[in-house]
Amino acid sequence: MPRPYVLLSAAVSLDGCLDDTGPERLVLSGPADFDRVDEVRAASDAILVGAGTLRADNPRLLVNSAERRAARAATGRPEYPLKVTVSGSGDLDPALNFWSTGGEKVVYTTDLGVAKATAALRGLGVDVVPVGPALDWQAVLEDLHDVRGVRQLMVEGGGLVHTQLLQQGLADELQLALAPLVVGEPDAPRLFGPGGYPGGVRNRMRLVETRPVGDVVLMRYVPTAPGAGELASAADRHWLETACDLAAQCPPSRTAFSVGAVVVAADGTELARGYSRESDAVSHAEEAALAKLDPADPRLATATVYSSLEPCARRASRPAPCARLILDAGVRRVVTAWREPDTFVASADGSGLLAAEGADVVVLPEYEERAAGPNRHLLRAAGEQGGPGEQGE
Ligand SMILES: NC(=O)c1ccc[n+]([C@@H]2O[C@H](COP(=O)([O-])OP(=O)(O)OC[C@H]3O[C@@H](n4cnc5c(N)ncnc54)[C@H](OP(=O)(O)O)[C@@H]3O)[C@@H](O)[C@H]2O)c1
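Residue indices begin from 1 for each chain and proceed along its sequence in written order. Only residues with pLDDT of at least 70 are given local features in this predicted model, and only at 80 or more are side-chain atom pairs given and counted; all residues enter the totals for whole chains, interfaces and linings.

Asker: What should I look at first to understand the nonpolar core in this one?
Answerer: In globular proteins that are soluble, nonpolar side chains generally tend to be buried together. Counting residues in hydrophobic clusters, the biggest one holds 96 residues, and the most contacted among them are Val 6, Leu 8, Leu 153, Val 155, Ala 243 and Tyr 306. Boundaries between domains were set according to an automatic or database domain assignment. Shared between two domains, this core takes at least three residues from each, and those domains are domain 1 (5-222) and domain 2 (234-385). Ignoring sequence-local partners within four residues, the contact set of Leu 8 consists of Val 155, His 162, Leu 165, Leu 166, Ala 171, Leu 174 and Gln 175. Nonpolar core, as used here: buried Ala, Val, Leu, Ile, Met, Phe, Trp, Tyr and Cys residues forming one set through C-beta atoms within 7 Å. Around each residue's C-beta, the other C-beta atoms within 10 Å are counted; 20 or more make the residue buried, 12 or fewer make it exposed, and counts in between make it partly exposed. All C-beta atoms are placed from the backbone. Placing C-beta atoms from the backbone, we regard two residues as in contact once those atoms come within 7 Å.

Written out as structure tokens, the structure reads:
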């Protein structure tokens, strides 16, 4: 399902706290970092916080810079991003600043919380949306994307909300401002709570930026651990983008697809990557990547193969198609952007072959255009010739 890019944003102390236990909000960032946050808000379509943060901090969550608001308006966007909160209980105080400032607001709640939230917020112009008996984050993100057109969601806490989004593999990026102070209280709210995180304790996220901002340090990370089964995680999307980027680097061909592939272990370690015609004139991306691995590597059984085009099911130039190579390698999860068109092989169904032997195949059609990009000339030529021809190699 298409969903917004989810960016978790927080300021943390050196001991990983979001706040102390005192009645006043602990200020962790400085003026330069507040301005940076303002810029990220202005670039986002919506800002989300949990009801716990509304109660504890009474935030406004505005774009404070008039220039940034004007720039949003100039591009046809509302001056303020949509403000979003989640509450299971529906127990929301209508006097909070959140409701009386900024632009549009929406509350996602449960079937139990909807009556209370609706009654509390009556007359404030707030959209109250129940998403089932429990708060289903997939449903929240789907509604934000499909109904409200949100493409970038900035999540500003608190700990419970950040924890769930990271644990459920729904965070595309973490932006942490590390503040030079130690809270030291055992009961202070932590950025991430206990529980299972994708890829387990060995998963190392990818550091994409560090930058001093005043006296805090901004650190940006992207999660790397693949999802499980048929559910796509944020990291699945990043790896599939990498595969699409590899496809764009293939030696050009007028007789075969350009495809990129990456093999990633369950803990997010990249095991190998490959692209079409990497090793010889007819090699395929998945084949090139798998050939770099020891077939006895125990990580293959829980690895995911990302391929910009679904693995081939039939092949003239080699004894085994890529779907077979993947199965024989012991891999049982494949994420792809694009089902194979009839350009070279009629009704190729690599996904079907993989699924028939118990592999999970996740197709993310929102990346199809990117995967097909380096192959446009082939699709045009096939259209002109009026149908499938020889196998593409
Ligand atoms: N340093 C920073 O950058 C930063 C940023 C934000 C917040 N904070 C701090 O974080 C603390 C608040 O964090 P928090 O963890 O207590 O609260 P939170 O994550 O902001 O909100 C938790 C609340 O959201 C609702 N919720 C979230 N997930 C839910 C689910 N799956 N099902 C049903 N309801 C759900 C519940 O509301 P109901 O109770 O209504 O059911 C829950 O109590 C405060 O101390 C605040 O200062 C710090």
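Asker: Explanation requested: the environment of Asp 35 in the structure shown.
Answerer: Along the polypeptide, Asp 35 turns up in helix H1 (residues 31-42). Taking the C-alpha atoms as reference, Asp 35 lies 44 Å from Ala 289; in sequence the two are 254 residues apart. Secondary structure elements follow DSSP: runs of H or I no shorter than four residues count as helices, runs of E no shorter than two count as strands, and numbering proceeds from the N terminus.

Asker: Help me understand helix H7 (residues 159-167) in this model?
Answerer: Side chains three or four residues apart in an α-helix point the same way, a direct result of the helix having 3.6 residues per turn. For H7, the complete set of buried residues consists of Gly 159, Val 161, His 162, Leu 165 and Leu 166. End-on view of H7: buried residues confined to an arc of 165 degrees, all on one side of the axis. Where H7 ends, the next residue or the one after it, Gly 169, has phi of about 70 degrees, a positive value. Note that the arc is computed from the directions linking the helix axis to the C-beta atoms.

Asker: In this structure, what is going on with the site of the ligand? I would like to understand it.
Answerer: Taken together, 27 residues form the shell around the ligand, and within it Gly 50, Gly 52, Gly 88, Gly 157 and Gly 158 come nearest. Where the shell around the ligand is concerned, the elements lending two or more residues are strand E1 (5-12), strand E2 (46-50), helix H2 (51-57), strand E3 (82-87) and H7. In terms of residue count, H2 provides more of the shell around the ligand than any other element does, five residues in total. Considered class by class, the residues forming the shell around the ligand number 12 nonpolar, 10 polar and five charged. Only the C-beta atom, placed from the backbone, is used; a residue is near a molecule or strand if that atom lies within 6 Å of it. Polar here means any residue outside two lists: the nonpolar Ala, Val, Leu, Ile, Met, Phe, Trp, Tyr, Cys and Pro, and the charged Asp, Glu, Lys and Arg; Gly therefore counts as polar.

Asker: Looking at this structure, how should I read the domain arrangement of the protein chain?
Answerer: It is common to report an interface's size as the accessible area lost on association of the parts. For the protein chain, the assigned domains are domain 1 (5-222) and domain 2 (234-385). Summarising the inter-unit geometry, the C-alpha centres of domain 1 and domain 2 are found 36 Å apart. In this assembly, 12 residues from domain 1 lie in contact with six residues from domain 2. Looking at the side of domain 1 that touches domain 2 residue by residue, the class counts come to five nonpolar, four polar and three charged.

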